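Structural overview
Chain residues, written in single-letter form:
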Amino acid sequence: MGRYLLRRLNLFLATSLALVTVLFITTSYFPVSKPFALSGIATPTTEQLTQIEADYQLNGNQLQQFIAYAQTRLSGDLGLSVTSQRPVLEELTQALPASFELAIVSGIIAVLFGVPLGVLASLSKNKITQHSIMAITLTGYSIPVFWLGLTLSLWFGVELGWLPVSGRINLLYEIEPVSGFMLIDTLLSDSAYRISAFKDAVFHIILPAITLAVLPFTVVVRITRAAMLNIMELPFIKAAEARGLHTGTIVLRHALPNALIPVLKNMGLMLGTFASYAMIVEVIFSRQGVGSWLVAGIYQRDYTVIQGGVLGVALIIIFFSILIEVLHNAYNPLSRKEIYAAN
């Protein structure tokens, strides 16, 4: 297992280096001076220009410049935002909690509703029920996320007025950021209206979370159904049925835990798509997360924000993809057997 973890670490480092290489090459094509594209300082002083040239080895060859660029970026120095003249890393860390909050809530919704429907679709003998569930998943999978977000905003926000369609909380509530997660910060607040603020934050996250949860929900339903159909035909399930165990007991204790293994694996494979959808959802619902921050940087031609945002988001996706793979292999006995056999 130790060799396996070392290989995963090497994979993370190699992927990170490849990503930095792409960003380094892309930086050369920005229609601005290289010191400006790297540092975010539009009119640097003589001392600042000298420091930038020294940090990024701009007077050296391409290999020296690449090594300096990789060392600087991977050490956490992402430069200054062209627009705000604040460190890009600071802005990125402030925007991350909002994106994580939306992703976590969406993932919970997808699993809570997707797994039971997948189990129902696999166990039901009613063809209408099976076809209806699969039709819902295929429809949800094919709906463009931007159209769904705008439609939900129009119906439930504008027409019915049930839910807010922008922001994370009503501006009337003054909540001090502690963790960056609005649902948590409202409860940690000393305000007398923290319960009302918490409810308002919940209302604000419902529409974007549902919009973002549709894609993983459809994937969870289909994978759970396929896994359950396969597992219910295995010998140990047949033996449990022969012993007279109740169907619910067989499903909950024996079949479902094994069916969740491929669900976990596929959730890791779709992290990239999930992250790109999250950016679109944040823009549609004006949530102050990494997606809206990065899109604003693109519109404003904030080159350091573009580099830092792409690097940060990509490294997070790579890290969590490898983490989910490690958890999958640790949870799945067959994968552990393959790892030990390979070693």
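Residues numbered from 1 in each chain as written. Predicted model: local features only at pLDDT ≥ 70, side-chain atom pairs only at ≥ 80, totals over all residues. Heavy atoms only, no water.

Helix and strand content of the chain: 15 helices and zero strands. For the chain, the spread of C-alpha atoms along the principal axes amounts to about 85 × 60 × 40 Å. Of all 343 residues assigned to the chain, the portion counted as buried reaches 42%. Of the contacts made within the chain by residues no fewer than 6 positions apart, 70% connect residues no fewer than 24 positions apart. Of the roughly 18,700 Å² of accessible surface on the chain, 66% is carried by carbon and sulfur atoms. For the chain, the centre of its 21 positive side-chain charges and the centre of its 19 negative side-chain charges are spaced 19 Å apart. (Helix = DSSP H or I, 4+ residues; strand = E, 2+ residues; numbered from the N terminus. Buried < 20%, exposed > 50% of the residue type's maximum accessible area, 1.4 Å probe, protein only. Contact = heavy atoms within 4.5 Å. Areas by Shrake-Rupley, 256 points an atom, 1.4 Å probe, with all protein chains shown as cover. Lys, Arg positive; Asp, Glu negative; His and termini not counted. Charge placed at Lys NZ, Arg CZ, Asp CG, Glu CD.)

Right, let's talk about the packing of helix α7 (residues 145-159) against helix α9 (residues 194-231) for a bit. Remark: α7 packs on α9, axes separated minimally by 10 Å, with the N-to-C direction vectors making an angle of 150°. Relative to α9, the element α7 lies roughly antiparallel. Of the two elements, α7 crosses α9, and the hand of that crossing is right-handed. In this structure, α7 uses V145, L148, G149, L152, S153 and F156 to contact α9, whose residues at the interface are L207, I210, T211 and V214. Each residue belonging to the contact of α7 with α9 can be placed in one class, and the counts come to seven nonpolar, three polar and no charged. (Axes fitted to C-alpha atoms, helices over the stretch in contact; angles between N-to-C directions. Parallel < 35°, antiparallel > 145°, perpendicular 65-115°, else oblique. Left-handed = near helix turned anticlockwise from the far one by under 90°. Nonpolar A, V, L, I, M, F, W, Y, C, P; charged D, E, K, R; others polar.)

Once that is clear, we can look at the pattern of salt bridges. If you walk through the whole model with that rule in mind, you get three salt bridges. Notably, a salt bridge pairs E101 with R168, separated by 2.9 Å at the nearest N-O pair. Of the two residues, E101 sits in helix α5 (residues 88-123) while R168 sits in the loop between α7 and α8 (182-188), which places them 67 residues apart along the sequence. Close ionic contact of R287 with E101 constitutes a salt bridge, the shortest N to O distance being 3.6 Å. Linking R287 in the loop between α12 (271-284) and α13 (290-299) with E101 in helix α5, this pair joins segments that are 186 residues apart in sequence. (Salt bridge = Lys/Arg side-chain N within 4 Å of Asp/Glu carboxyl O.)

Attention now goes to the nonpolar core. In terms of nonpolar packing, the biggest core is built from 24 residues, with V20, Y56, Y69, L92, V290, W293 and L311 touching the most fellow members. Of all the secondary structure elements, the ones that give two or more residues to this core are α1 (2-27), α3 (46-56), α4 (62-74), α5, α13 and α14 (303-331). Residues in contact with V290, not counting those within four places in the same chain, are L92, A95, L96, S99, E282 and V313. Residues L152, L183, L212 and V214 belong to the second largest nonpolar core, which totals 20 residues. (Core = buried A, V, L, I, M, F, W, Y, C linked by side-chain atoms within 4.5 Å.)

Its location among the elements puts S39 in helix α2 (residues 34-39). A residue is classified by how much of its surface remains accessible, and S39, at 7% relative accessible area, is buried. Within the local environment of S39, its side chain forms a polar contact with the backbone nitrogen of I41, the two atoms lying 3.2 Å apart. Excluding anything up to four places from it in sequence, S39 contacts I52, G79, L80 and T304. (Polar contact = N/O pair within 3.5 Å; in protein donor to acceptor, adjacent residues only side chain to side chain.)

This part is about the packing of α12 against α13. Packing of α12 against α13 brings their axes to within 7 Å, and their N-to-C directions diverge by 80°. One element, α12, and the other, α13, form an angle in the roughly perpendicular class. Within the contact between the two elements, α12 uses M279, E282 and V283 and α13 uses V290, G291, S292, L294 and V295.

On to the packing of aromatic side chains. Considering all chains together, one arrives at seven aromatic pairs under this definition. Between the aromatic rings of F36 and Y303, the centroid separation amounts to 6.3 Å while the plane-to-plane angle is 85°, which identifies the pairing as edge-to-face. Separated by 267 residues along the polypeptide, F36 in helix α2 and Y303 in helix α14 bring together distant segments of the chain. According to the relative accessible area criterion, F36 is buried, its value standing at 14%. (Phe/Tyr/Trp six-rings, centres within 6.5 Å; stacked < 30°, edge-to-face > 60°.)

For the rest of this paragraph, the subject is the environment of P87. With respect to the element layout, P87 can be found in the loop between α4 and α5. Residue classification places P87 among the partly exposed residues on the basis of a relative accessible area of 36%. For the pair P87 and T50, spaced 37 residues apart in sequence, the C-alpha to C-alpha distance is 19 Å. In contact with P87, not counting residues within four places along its chain, are G79 and L80.

Of note in the backbone geometry, Q57 takes a positive phi value of approximately 50° without being a glycine. With respect to the helices, strands and loops of the structure, Q57 is situated in the loop between α3 and α4. At S286, a residue that is not glycine, the phi angle is positive and equals roughly 50°. Positionally, S286 belongs in the loop between α12 and α13.

What follows covers a nonpolar patch on the surface. Taken together, F100, I104, I108, L112, F113, F319, F320, L323 and L327 make up a surface patch of nonpolar side chains, about 830 Å² in accessible area. Elements with a contribution of two residues or more to the nonpolar patch: α5 and α14. Per-element accounting of the nonpolar patch gives the leading share, five residues, to α5. (Patch = residues over 30% accessible without salt bridge, like charges linked within 9 Å, V, L, I, M, F, W, Y side chains within 5 Å.)

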